[in-house]
Amino acid sequence: MAIVCGTDLSERSRPALAAAAAIARRTREPMHLVHVAAGDILDAECREKLAGVARARLAQEAATLSGQVEGDVRTAVRVGHPVRELLSVADAEGASLVVVASQGHAASPLYAVGGTSERIALESPYPVLVVRDAKPFEAWARGERSLRIVVGVDFTASSVSAVRWVKALRRAGPCDVVFGHVYDGIEVLRRYGRGGLPSLVEPDADVERLLERDLAAIVGDLGGDGEVAFRPRLGLGRLADHVVELAESERADLIAVGTHHRRGPARLWSVSSGVLHLGRMSVATVPTSAGALLGPEGLPEVKRVLVATDLSDSSSWAITFAYALLGRRGGDVHLLHVVTAPQREEERAAADAELARHVRALAPVAAGREGITTHVEIVHGAAVSEICATAERVGADVVCLGSHGQSGLKALLGSAVAGVLRESTRPVLVIRPPAV
């Protein structure tokens, strides 16, 4: 693996070279300098002369940088399309990072209008660092200060890849990291099963505490040195505007975002594309596919399990498995029963108390001795939406459901299990009862 840095041999590429060298110094990885000459219209003799001049210039750059990094500094000159040729070298090197420079396109009215650096960032299967200012990276490499990073998180696979990339960078040197999440008030109330109308301008403190908890769960153990903060933000309009605003308020040196590699008109609402255009600081884009380059993250921890019971025998089996998932490690099991039938308000409290006693009696007697805490939730509403909302609200690592063993169209379309499997953002474990 190597850090691949593209250069056009002008002063505009100087920040990319300096930042790439700083990261290589910290990570102890080799560097590979690449220059792509756009000589498609030239004859063979002219192309060779052009390539010869470029090789000599690259050799000088490599000699200068070799004293700044511990690994090798290699060079390559290609002729052709800049994006295609640079990524071809990255493929051959198994790049851990591609570094390019950019002056930014903040004045551009459309995200679809972008330069070479943006096209590389949005097409590369490898993490790409678009450098606007190398000084923070150089000071970080010298151990003079932490690198200040804002990570955009939206609970998707690409966000997880961005988080993992920042973890790797933080292992190389101290980084102060702010994890930002821009949320829609209506959607987040539905997600956590909270009633009422959301404010369009005033954040809900309880909702933001839940979001901070879920952001922390996605990040996990960040490792390394430096401060860590979580910043949910209520926002309307383009998400990229809010991410850049947060980065500016935090005086960030770098924004890290995941990318879905959207193309065509979809790039107009792409967060990564928007941040690349609007950000005045350096930007790292990390594709979902880059997760495999970063190595295994380790086994996920199960500390909190939600199990929904309709008081049937099949859901009793699900309860048993919910406690078994925690074993002797301890944790929390939330036993949930959803009352779907309409009920008069004056009868609800007494009925709920009786249901809660009945549900709590389903917990294994040994649960307390194993360090497992049992919580009982009695809620009213539609089974699927209440199960999903409760799982979000309690921060369940796994949702356990019992299957009645139905087959055919009715089971596929009508069961609560099928609905939760469709709608839940949490892992769902379906327990079938034993054959008799």
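Above this text is the structure in question.
K.L.:
What am I meant to see in the overall build of the protein here?
P.N.:
A count of helices and strands for the protein gives 15 helices and 15 strands. Scored against the burial criterion, the 436 residues of the protein give a buried share of 48%. A fraction of 78% describes how many contacts in the protein between residues 6 or more apart in sequence connect residues 24 or more apart. Summed over all atoms, the accessible surface of the protein reaches about 21100 Å², with 54% contributed by carbon and sulfur.

K.L.:
What should I look at first to understand the sheet that holds strand 13 (residues 372-380) in this one?
P.N.:
Pairing between the strands of a sheet comes from backbone hydrogen bonds, and it takes one of two forms, parallel or antiparallel. Ordered by their spatial adjacency, 5 strands build an open sheet running 13-12-11-14-15, and the pairing between neighbours is parallel. Only two strands of the sheet have a single partner each, and these edge strands are strand 13 and strand 15 (428-431). When the angles between neighbouring strand axes are averaged without regard to direction, this sheet yields 20°. Examined bridge by bridge, strand 14 (residues 398-402) and strand 15 share 4 bridges and lie parallel to one another. Bridge pairing in strand 15 links Cys400 to Leu429. Here helix 12 (residues 345-360) sits on the sheet in contact with strand 12 (331-339) and strand 13, set at roughly 145° to strand 13.

K.L.:
I'm lost on the pairing of strand 13 in this one. Help?
P.N.:
Consecutive residues of a regular strand have side chains that alternate between opposite faces of the sheet. In this sheet, strand 13 lies alongside strand 12 in parallel orientation, the contact comprising 9 bridges. Each bridged residue has a counterpart across the sheet, and for Gly331 the counterpart in strand 13 is Ile372. On the question of chirality, the crossover connecting strand 12 to the parallel strand 13 by way of helix 12 is right-handed.

What counts as what
- For every chain, the first residue of its written sequence is number 1, and the numbers climb from 1 along that sequence.
- For this predicted model, a pLDDT threshold of at least 70 governs which residues receive local features, and a threshold of 80 or more governs which side-chain atom pairs are given and counted, while totals over whole chains, interfaces and linings are taken from all residues.
- Hydrogen atoms and water are omitted, and side-chain values are computed over all heavy atoms in the structure.
- Strands here are runs of E lasting at least two residues and helices are runs of H or I lasting at least four, both read from the DSSP assignment and numbered beginning at the N terminus.
- Think of it in three bands: with a 1.4 Å probe and only protein chains considered, a residue is buried below 20% of the maximum accessible area for its type, exposed above 50%, and partly exposed in between.
- The contact definition used throughout considers only heavy atoms, calling two residues in contact when any of these lie within 4.5 Å.
- Every accessible area reported is derived by Shrake-Rupley at a probe size of 1.4 Å, with residue values counting cover from the shown protein chains alone.
- Whether two strands pair depends on DSSP finding at least two bridges between them.
- For helices, the fitted line uses only the C-alpha atoms of the stretch in contact; every axis is such a line through C-alpha atoms, and the angle between N-to-C directions lies from 0 to 180 degrees.
- Whether a crossover is right-handed depends on one test, that the path from the first strand over the helix to the second runs clockwise when the strands point away from the viewer.

These values are about where atoms sit, not about what they do.
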